[in-house]
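What follows is each chain in one-letter form.
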Amino acid sequence: MKKQKVFISYSWDKNETIDFVLELARKLGDYQEVEVILDRYHLALGHDLNSFMENSIEESDKILIICDESYKNKANSREKGAGIETQIISSQVYSSVTQTKVIPVIIDRMSNVPIYLKSRLGIIVENYNLSDKKIDEIMIGVLDIKEIEPPPKSKSFFKEKQKTLNIKRDLKDITLSKLSIKTLVGYITGDLKKTLYRSGPQLIDLFNKFGKRDIYSWKDGGLPGKVSRKQYVEDYLNDLNNTKYLKEVIEIIVDRRHYIATEFNLDNAVNEINQILSYDGYKLIDENGKYKLTLN
């Protein structure tokens, strides 16, 4: 795992805060997942303080702002070191409402939070007490760990209620399993002799309707990459999975207009295709003489 570079920003005015920062840096630095960037570690006499602050803020993955009363006052008035850092950090905070790079570590009370951080969630530390629990809270923020994952989605309202509430849902994006896609390939190519046969050039014409820009080259071996018709179809069906275009491909294959004056029994082919689709919760239904893909 890549180490998280953590820059600690604080005001130098209070000895208690300086001692707290050194303890925090030491405890965070004990973990192999963290690399602490701290002025006391990296600055020496003659170094450019402003350059150090700018580089540290830019290069760090996380910034811990130690919010005591002194830091708040300097940040709000843009005064001295903390004020300069505020000008740089605040631009990152305001640039995105979802930005998680900056984490306020609040000493004692919320009134110590500077204006530009008022809306940010932070961690309150009472009396500079860095307990193991508090370090855990800070590490969870530093490593972007979600303490509670949302439960998996195991139900579909539409699937459960479509029949009882007479709900009609126009499908947009659909998702099929890899096995279902693999089994459908023969119906797309026509190799199963249940649907129309499509040559290499015809398959390219079909998929170019959905964003492909392929060319059938007799000189270079036919289909792109010299793959078989079966492989070409399977690869592109997987590319279209989780999109509305997969639905459109399936509906094109069973468009009755392609089967006028042919010997194919399209209804039998659709029954077989529905057996495949049913495993993923879909089916083709006849609406006014035209097959449409819908929820099963």
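Up top is the structure these notes are about.
Figured I'd write up the structure that's included with this text.

What counts as what
- Residues numbered from 1 in each chain as written.
- Predicted model: local features only at pLDDT ≥ 70, side-chain atom pairs only at ≥ 80, totals over all residues.
- Heavy atoms only, no water.
- 1 Å grid on protein atoms, 1.4 Å probe; cavity = no way out; pocket = protein on both sides within 12 Å on 5 of 7 lines; lining within 4 Å.
- Points joined across faces, edges and corners; volume = space filled by probe spheres on them.
- Helix = DSSP H or I, 4+ residues; strand = E, 2+ residues; numbered from the N terminus.
- Axes fitted to C-alpha atoms, helices over the stretch in contact; angles between N-to-C directions.
- Parallel < 35°, antiparallel > 145°, perpendicular 65-115°, else oblique.
- Left-handed = near helix turned anticlockwise from the far one by under 90°.
- Contact = heavy atoms within 4.5 Å.
- Nonpolar A, V, L, I, M, F, W, Y, C, P; charged D, E, K, R; others polar.
- Pairing = 2+ DSSP bridges.
- Core = buried A, V, L, I, M, F, W, Y, C linked by side-chain atoms within 4.5 Å.
- Buried < 20%, exposed > 50% of the residue type's maximum accessible area, 1.4 Å probe, protein only.

A short note on empty space enclosed by the protein
Line of reasoning, step 1. Summed over all chains, the structure comprises one cavity of 30 Å³ or more.
Line of reasoning, step 2. Roughly 30 Å³ of volume is contained in the largest cavity.
Line of reasoning, step 3. Taken together, Leu-184, Tyr-187, Ile-188, Ile-250, Ile-253 and Ile-273 make up the full set of residues lining the largest cavity.
Line of reasoning, step 4. Sorting elements by how many residues they give to the lining of the largest cavity places helix α8 (residues 178–189) first, with three residues.

Details of the packing of α8 against helix α10 (residues 229–240)
Line of reasoning, step 1. Direction vectors running N to C along α8 and α10 enclose 130 degrees, while the axes themselves pass 9 Å from each other. Our classification of the angle between α8 and α10 gives oblique. Between α8 and α10 lies a crossing whose hand is right-handed. Facing α8, whose interface residues are Lys-178, Ile-181, Lys-182, Val-185, Ile-188 and Thr-189, α10 presents Arg-229, Lys-230, Val-233, Glu-234, Leu-237 and Asn-238.
Line of reasoning, step 2. Looking at the contact of α8 with α10 residue by residue, the classes come out as five nonpolar, two polar and five charged.

Structural notes on the sheet that holds strand β1 (residues 4–9)
Line of reasoning, step 1. Reading across from one edge, β2-β1-β3-β4-β5 is the order of the five strands in this open sheet, with parallel pairing throughout. Each having just a single partner strand, β2 (34–37) and β5 (123–125) make up the two edges of the open sheet. On average, adjacent strands in this sheet sit at an angle of 25 degrees to one another, irrespective of strand direction.
Line of reasoning, step 2. As paired elements, β1 and β2 share four bridges and run parallel to each other. Looking across to β2, one finds that Phe-7 is bridged to Ile-37.
Line of reasoning, step 3. Contacts between helix α1 (residues 15–29) and the sheet are confined to β1, β2, β3 (62–67), β4 (102–107) and β5, with β3 contributing the most and set at about 150 degrees to the helix.
Line of reasoning, step 4. Where helix α6 (residues 132–142) meets the sheet, it contacts β1, β2, β3, β4 and β5, and its direction lies at approximately 155 degrees from that of β5.

Considering the packing of helix α9 (residues 200–208) against α10
Line of reasoning, step 1. Closest axis-to-axis distance for the α9/α10 pair is 10 Å, and the angle between their directions is 10 degrees. Taken together, the axes of α9 and α10 lie roughly parallel to each other. Packed against α9, whose contacting residues are Gly-200, Leu-203, Ile-204 and Phe-207, the element α10 presents Arg-229, Tyr-232, Val-233, Tyr-236, Leu-237 and Leu-240 at the interface.
Line of reasoning, step 2. In terms of residue class, the contact of α9 with α10 is built from eight nonpolar, one polar and one charged.

Observations concerning the nonpolar core
Line of reasoning, step 1. By size, the foremost hydrophobic cluster in this structure holds 34 residues, and its most contacted members are Leu-176, Ile-188, Phe-207, Leu-237, Ile-250, Leu-277 and Leu-284.
Line of reasoning, step 2. Elements with a minimum of two residues in this core: α8, α9, α10, α11 (244–253), α12 (266–278), β6 (282–287) and β7 (290–295).
Line of reasoning, step 3. With sequence-adjacent residues up to four places away left out, Leu-277 is seen in contact with Leu-176, Leu-184, Ile-250, Tyr-282, Lys-283, Leu-284 and Leu-293.
Line of reasoning, step 4. Counting residues in hydrophobic clusters, the runner-up holds 26 residues, among them Tyr-10, Ile-18, Phe-20 and Ile-66.

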